Amino acid sequence: SSFVGRDSGPAWGRIMHSGGVLAQRRLRDVTQDKQRSFMTLLTTTAPAGSGPLTPAAPPLESSPPLEVGPGGIFLRASTVDKKGGGSDDAPALLEVFRDDGELLASVSPPADVHGKVLVDPTFSGATWSPDGRYVVYAAALPKPKTKGFFDVKPPAPDAEDEFAFREDWGEAYTGTHAHSLFVLDVHTATVHPVRGVPPTVAPGTPQLAPDGGVVYSGVELGATRLGIVYCVNRPCGIYRAPPESWQAAADEQPAPEHELLTRGMFLATSPRLAPAGDGVVFVGRRERFDTHQTCLQLLHLPYPPPAGAEPRVVVDVVRSFDADSAWGGLYAAALPRRCFASEDSVVLSTPWGSRLGLTRVHLPTGGVSRVVPPLPPGAAAGELEGAGEWSAAVLDALPDGRVLCAHSSPRHPARHCLLALGGGGELAGASHGP
C-alpha cells in the first residue's frame, strides 16, 4: 500500500553550541495510523539571524533526545526490550552523546532503581549541571512486589495483591503510576535517587541548581489524577531538595526534608533556573480556580531563597483584554524548557488576539512585548495576512539572544525559525528553515 502522510510541522528543536539547530518534525502516517518523528540538523553558513537554515543531512526517523546540555552533549532515553516493541516493563537505557556522535556514557539502571524515563510534558524534563557532569530527570519507580492467591513461597512483607488496582494518570499518561527524580553522574555512569520527595506529591520538571540542589514542581496527589494533560486546576507547588538528597556521600543518612518555596499558592509550576543560577521563574496563581485553564502569573524567586522569601509577581493576571495591543495576559501552563533569552529576560508563547505570539518579558520591570518574526522567503504579505498575523511558538532559547520558534500562519505550515534578539529585546535577524 502507498504511504499517505501529512506534515504536522516542527514539534521540537534545540539550538546547538555549534550554531546549528537540532530539529524534529512529525508526520502523520495515515496508512499505519500513527505519528512518525524525524530528526535532522539544520545549519547556516551565516551568523544566526542572517542566513537560511538548510538541512545538513537527510532526516532520520528517530525520537528527540531528552535534553541538550552544555558543550554540545545531550541525553537520550530509551528502553531495552529484547522482545521488541519498547515495553513499559523494559529497563531504561540512558545514553550521553556529543553532537559529533561520540558516545560518552551508556547506563541501564537496575530494575530496582527505576523503570522507564518519563518524556511527557507535565512531569518530564532533564537539566544539566553547568559542567555537564550531572543531569536530573524523572522516571517511573519500580513496580511493587505482588503476591498471588496460589503462590507457594511466602510473599514479601510489603507485597501487594497481584490483581490490586493501581491508579495511573490516564489519557496521554496511561501506564504512568508512580515516579520520582534521579540524577545521573556521567563520569561514573551511576544513578542516584533524589531522596525525600514528599509522598503526597508527584514530582516533575526538575532543575539542577549550581549548588547541587534540585528545584522541582510537585502536584498534590488528590482524589483523582485524570485530566492533568489538559487541566492545570489542581494544587501544585515548587520544592527544593538539598544537595545531600542525592549526593553519593549522603546515601546512608536519613532522607532530608524538602523545602516548599511557594507556601500559600494554589498553583506554582514549571520552574526555570536563571543562567547564573541566582533565581527561579515559574508560572502560577495564588487563588484557587476551577476552570480547566485560566490567566496565570509569571513569578520570580531569588535562589537560594532567603528564609521567608515570597515570590515576586513579574507579570500579573490581566482582568480585561486590551483591544489596542491584543494583550490579554499570560495563558501558558508551562514555560519553555530553556526560556532565558538574556540574563534578565525570558521568552514564551501566549495568545495575542487570535494568534500565538512570541512574548518577551523583562524580569526587573515586568515589561511585556511581542516579537514578530519577519515573513519567510516566498511568503508574500497579503492584505489579511501580514507578519503580525503569523503565530510563533517558542521551542528553545539561549541567553545570548538566540530564540528558536515554530513559525506558521493559517495558510502556511509551520517551519523552524531561528531569531537573533538584541540587548533590548529588539529583533536583529531571522533565519528560516525548510
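All values reported here derive from a predicted model rather than from experimental measurement.

Chemist: Can you break down the sheet that holds strand S7 (residues 73-79) residue by residue, with the values?
Modeler: The strand order across the open sheet built from four strands is S6-S7-S8-S9, with neighbouring strands paired in antiparallel fashion. Each edge of the open sheet carries a strand with a single partner, namely strand S6 (67-68) and strand S9 (103-107). Two elements, S7 and strand S8 (residues 92-98), share seven bridges in a ladder whose sense is antiparallel. Across the sheet, the residue bridging to Ser78 is Leu93, located in S8.

Chemist: Now, about the side chain of Arg240: what can you tell me, with residues and values included?
Modeler: For Arg240, the location among the structural elements is in strand S18 (residues 236-241). Exposure remark for Arg240: the relative accessible area of 15% places this residue in the buried category. Within polar-contact distance, the side chain of Arg240 engages the side chain of Tyr303 at 2.8 Å. In this structure Arg240 touches Asp211, Gly213, Val214, Val215, His258, Glu259, Leu261, Tyr303 and Pro305, once residues within four positions along its chain are discounted.

Chemist: Can you lay out the pairing of S9 for me, pointing to particular residues and giving the numbers?
Modeler: With four bridges connecting them, S8 and S9 associate as antiparallel partners. Within the sheet, the bridge partner assigned to Leu94 lies in S9 and is Val107. Where S8 folds back onto S9 in an antiparallel hairpin, the turn is made up of four residues, including Gly101, whose phi is positive at roughly 100°.

Chemist: Just give me the short version of the side chain of Arg36, but keep the residues and values in it.
Modeler: As for its placement among the helices and strands, Arg36 is situated in strand S3 (residues 34-43). The class of Arg36 is buried, set by a relative accessible area of 18%. Here the side chain of Arg36 touches Glu61 through a polar contact of 2.7 Å, side chain to side chain.

Chemist: Give a detailed account of the nonpolar core, specifying residues and quantitative values.
Modeler: Grouped together as the largest cluster of nonpolar side chains are 43 residues, with contacts concentrated most on Phe123, Val214, Leu298 and Val346. Residue assignment for this core shows that the elements contributing at least two residues are strand S11 (134-140), strand S14 (179-185), strand S16 (201-208), strand S17 (214-220), S18, strand S21 (279-285), strand S23 (312-315) and strand S25 (345-352). Membership of the second largest hydrophobic core comes to 18 residues, among which are Ala92, Ala105, Val135 and Leu184.

Chemist: Please give an account of the sheet that holds strand S29 (residues 402-409) that cites residues and values.
Modeler: Across the sheet, which stays open at both edges, the four strands sit in the order S28-S29-S30-S31 with antiparallel pairing between neighbours. Strands with a single pairing partner mark the edges of an open sheet, and in this sheet they are strand S28 (391-397) and strand S31 (427-432). Neighbour-to-neighbour, the strand axes of this sheet turn through a mean angle of 30°, independent of strand direction. When S28 meets S29, the two strands line up antiparallel, connected through six bridges. By the bridge assignment for S29, Asp396 is matched with Leu404.

Chemist: Which residues make up the pairing of strand S27 (residues 367-371), and what values do they have?
Modeler: By the bridge criterion, five bridges tie strand S26 (residues 355-362) to S27 in an arrangement that is antiparallel. Paired with His362 across the strands is Gly367, a residue of S27. Here S26 folds back onto S27 in antiparallel fashion, the turn holding four residues, of which Gly366 has a positive phi close to 80°.

Chemist: Can you tell me about the environment of Gly20, naming the residues and giving the values?
Modeler: One can find Gly20 in the loop between strand S1 (5-15) and strand S2 (21-29). Residue classification places Gly20 among the buried residues on the basis of a relative accessible area of 3%. For the pair Gly20 and Pro55, spaced 35 residues apart in sequence, the C-alpha separation works out to 9.6 Å.

Chemist: If you had to explain unusual backbone geometry to someone new, which residues and values would you point to?
Modeler: The omega angle of the peptide bond from Tyr303 to Pro304 is -5°, so this bond is cis rather than trans. Note on placement: Pro304 falls in the loop between strand S22 (297-302) and S23. Even without glycine at this site, Asp33 takes up a positive phi of about 55°. Assignment of secondary structure puts Asp33 in the loop between S2 and S3. The exposure class of Asp33 is exposed, given its relative accessible area of 56%. With a phi angle near 60°, Ser270 is a residue other than glycine that sits in the positive phi range. As for its position among the elements, Ser270 is in strand S20 (residues 267-273). With a relative accessible area of 2%, Ser270 lands in the buried category.

Chemist: Which residues make up the confidence of the model for the chain, and what values go with them?
Modeler: Mean pLDDT over the chain stands at 86; residues scoring 70 or higher make up 89%. Predicted confidence for residues 1-5 stays below pLDDT 50, and this span has 12 contacts to residues more than four positions away or in other chains. Segment residues 82-88: pLDDT under 50, and five contacts once partners within four positions in sequence are set aside and those in other chains are kept.

Chemist: Lay out the packing of aromatic side chains in plain terms, naming residues and giving numbers.
Modeler: Counted under the stated rule, the structure contains eight aromatic pairs. Between Phe123 and Trp169, the ring centres sit 5.0 Å apart and the planes meet at 55°, which makes this aromatic pair tilted. Linking Phe123 in the loop between S9 and strand S10 (127-128) with Trp169 in the loop between strand S13 (160-161) and S14, this pair joins segments that are 46 residues apart in sequence. Each ring, one from Phe266 and one from Phe289, has its centre 5.4 Å from the other, and the planes form 80°; the classification is edge-to-face. Linking Phe266 in the loop between strand S19 (259-260) and S20 with Phe289 in the loop between S21 and S22, this pair joins segments that are 23 residues apart in sequence. Judged by relative accessible area, which is 9%, Phe266 ranks as buried. Residue class for Phe289 comes out buried when judged on its relative accessible area of 7%.

What counts, and where the lines are drawn
Residues numbered from 1 in each chain as written. Predicted model: local features only at pLDDT ≥ 70, side-chain atom pairs only at ≥ 80, totals over all residues. Heavy atoms only, no water. Pairing = 2+ DSSP bridges. Helix = DSSP H or I, 4+ residues; strand = E, 2+ residues; numbered from the N terminus. Buried < 20%, exposed > 50% of the residue type's maximum accessible area, 1.4 Å probe, protein only. Polar contact = N/O pair within 3.5 Å; in protein donor to acceptor, adjacent residues only side chain to side chain. Contact = heavy atoms within 4.5 Å. Core = buried A, V, L, I, M, F, W, Y, C linked by side-chain atoms within 4.5 Å. Axes fitted to C-alpha atoms, helices over the stretch in contact; angles between N-to-C directions. pLDDT = per-residue confidence, 0-100. Phe/Tyr/Trp six-rings, centres within 6.5 Å; stacked < 30°, edge-to-face > 60°.

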